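# Results of the structural survey
One-letter residues, chain by chain:
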Amino acid sequence: MERLPDVQACHPAYPINLTRVGVTGVKKLVKVERSGERPIVLISNFEVFVDLPSSRKGANLSRNTEAIDEVLEEEISRPVYEIEELCGKIALRLLERHEYATRAEVKMKSEYIVKRQTPATRVNCQEVVDIFAEAMATSGPDPHVKKIVGAEVIGTTACPCAQEIVREQMRRDLLNLGLSEDAIEGFLKKVPVATHNQRGRGSISIEVRDRKCVPIDRIIRIIEESMSSKVYGLLKRPDEALVVSRAHMNPMFVEDCVREMAQRVVATFVELPDDAVVTLKQINEESIHRHNAFAERVAKMGELRAELAAIHEMQPCGDSQM
């Protein structure tokens, strides 16, 4: 076969290192095995990159795409239990294929279907959750694989500030009607007080190194339980009444959601090392404002553990709010 010129291996006009060169929009089917349950098939979107030294004009993207496809097919054909582990394997294989690269990066996004039951009528339904994973493999003096796994879940929140204003107005109106203070307090404790609501988007991602993995279902559950109420694609009238009541009996600021996620992550992932990096985000899409509310915390597990331990030490026994 005639040897064709490899233009990508030539020297560039400007010998500058490039951080990432690769392909995006690579769609693949990924079958995730689950112990004792039917496997889940994900339609996943991959982004795959390697770094490029200043001595090379290009990364042979035509052949690179072919190599990436082969790696994906080979890894996906095997049992997959954790999506971040899959990304980590692909990143390592890319380093093997590209001898000039010192770093390979793989990103994966999928829509994940979770089964739910409506809260009152117990009707079976399905909800869509966005999940994602990333991996970065590094060669050299300290070779390692850094992996990230996470999810974004939609819920609803009820504003505590507006609710307290409405509560005070109701208290004054009930006093004018002749009700006693005790009767008013009893009434306000039992009846959900009006406030404005937000569609909340909670997100958790956890970064670990090498063989550590994080179950995605536990991440999803933490996010769902860190807002005023879950939301459902299907709601009968009793379900709708219960969701609205729950949300208004559990008002939360955007900051409250992130702090709730933080304490649940610490309580749930006791096996994670202190150097695991956690990113917690909450976006509340406001209903009576033009803006959205945002809160975020990025910290190592050890930092969160220390903060929560200090809170517990300051609280008298039996007085914990966690």
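The structure we're discussing is the one just above.
Residues numbered from 1 in each chain as written. Predicted model: local features only at pLDDT ≥ 70, side-chain atom pairs only at ≥ 80, totals over all residues. Heavy atoms only, no water.

### Some remarks on the packing of aromatic side chains
Counted by the stated rule, this structure contains 0 aromatic pairs. Over the ring of Phe49 we find Arg20; its NZ or CZ atom is 4.4 Å from the centre of that ring. (Phe/Tyr/Trp six-rings, centres within 6.5 Å; stacked < 30°, edge-to-face > 60°. Lys NZ or Arg CZ within 6 Å of the ring centre and 35° of its normal.)

### Concerning the layout of surface pockets
Each pocket or cavity is described by its volume, and for the largest pocket that value is around 530 Å³. Lining of the largest pocket is provided by 20 residues; of these, Arg34, Tyr112, Ile113, Val114 and Lys115 occupy positions nearest its centre. Every element with two or more residues in the lining of the largest pocket is listed here: β2 (37–52), β3 (103–117) and α5 (216–224). Per-class residue counts for the lining of the largest pocket are 8 nonpolar, 1 polar and 11 charged. (1 Å grid on protein atoms, 1.4 Å probe; cavity = no way out; pocket = protein on both sides within 12 Å on 5 of 7 lines; lining within 4 Å. Points joined across faces, edges and corners; volume = space filled by probe spheres on them. Helix = DSSP H or I, 4+ residues; strand = E, 2+ residues; numbered from the N terminus. Nonpolar A, V, L, I, M, F, W, Y, C, P; charged D, E, K, R; others polar.)

### Notes on the pairing of strand β5 (residues 144–158)
Within β5, 12 of the 15 residues are buried, which leaves it mostly tucked inside the rest of the structure. As paired strands, strand β4 (residues 124–138) and β5 are joined by 9 bridges and run antiparallel to one another. Looking at the pairing, Ile131 lines up with Ala151 of β5. In this antiparallel pair of consecutive strands, β4 and β5, the connection spans 5 residues, and Gly140 shows a positive phi of 105°. (Buried < 20%, exposed > 50% of the residue type's maximum accessible area, 1.4 Å probe, protein only. Pairing = 2+ DSSP bridges.)

### Description of the nonpolar core
Grouped together as the largest cluster of nonpolar side chains are 67 residues, with contacts concentrated most on Phe46, Ile131, Ile204, Ile206, Ile219, Ile220 and Phe269. When sequence neighbours within four positions are dropped, the list of residues in contact with Phe46 reads Val23, Thr24, Gly25, Val26, Lys28, Val30, Leu72, Leu86, Ile90, Val106, Lys107 and Met108. (Core = buried A, V, L, I, M, F, W, Y, C linked by side-chain atoms within 4.5 Å. Contact = heavy atoms within 4.5 Å.)

### Some remarks on the packing of α5 against helix α7 (residues 254–268)
Packed helices, taken two at a time, are described by the angle their axes make and the gap between the axes. In the contact formed by α5 and α7, the axes pass within 9 Å of each other and the chain directions differ by 145°. For the pair α5 and α7, the crossing hand works out as right-handed. Contacts between α5 and α7 involve Arg218, Ile222 and Ile223 on the former and, on the latter, Met261, Arg264, Val265 and Thr268. A per-class count over the contact of α5 with α7 returns 4 nonpolar, 1 polar and 2 charged. (Axes fitted to C-alpha atoms, helices over the stretch in contact; angles between N-to-C directions. Left-handed = near helix turned anticlockwise from the far one by under 90°.)

### Here we look at the pattern of salt bridges
Enumeration according to the criterion identifies 16 salt bridges in this entry. Salt-bridge contacts for Arg93 lead to Glu96; the nearest nitrogen and oxygen are separated by 3.5 Å. Separated by 3 residues within a single helix, Arg93 and Glu96 lie in helix α2 (residues 83–97), roughly one turn from each other. The class for Arg93 is buried, based on a relative accessible area of 15%. Residue classification places Glu96 among the exposed positions, given a relative accessible area of 60%. A salt bridge links Arg305 to Asp274, with the nearest nitrogen and oxygen atoms 2.6 Å apart. In this pair, Arg305 sits in helix α8 (residues 301–314) while Asp274 sits in the loop between α7 and β8 (277–285), placing the two residues 31 residues apart along the sequence. Through salt bridges with shared partners, a single network forms among Arg20, Glu105 and Lys107. (Salt bridge = Lys/Arg side-chain N within 4 Å of Asp/Glu carboxyl O.)

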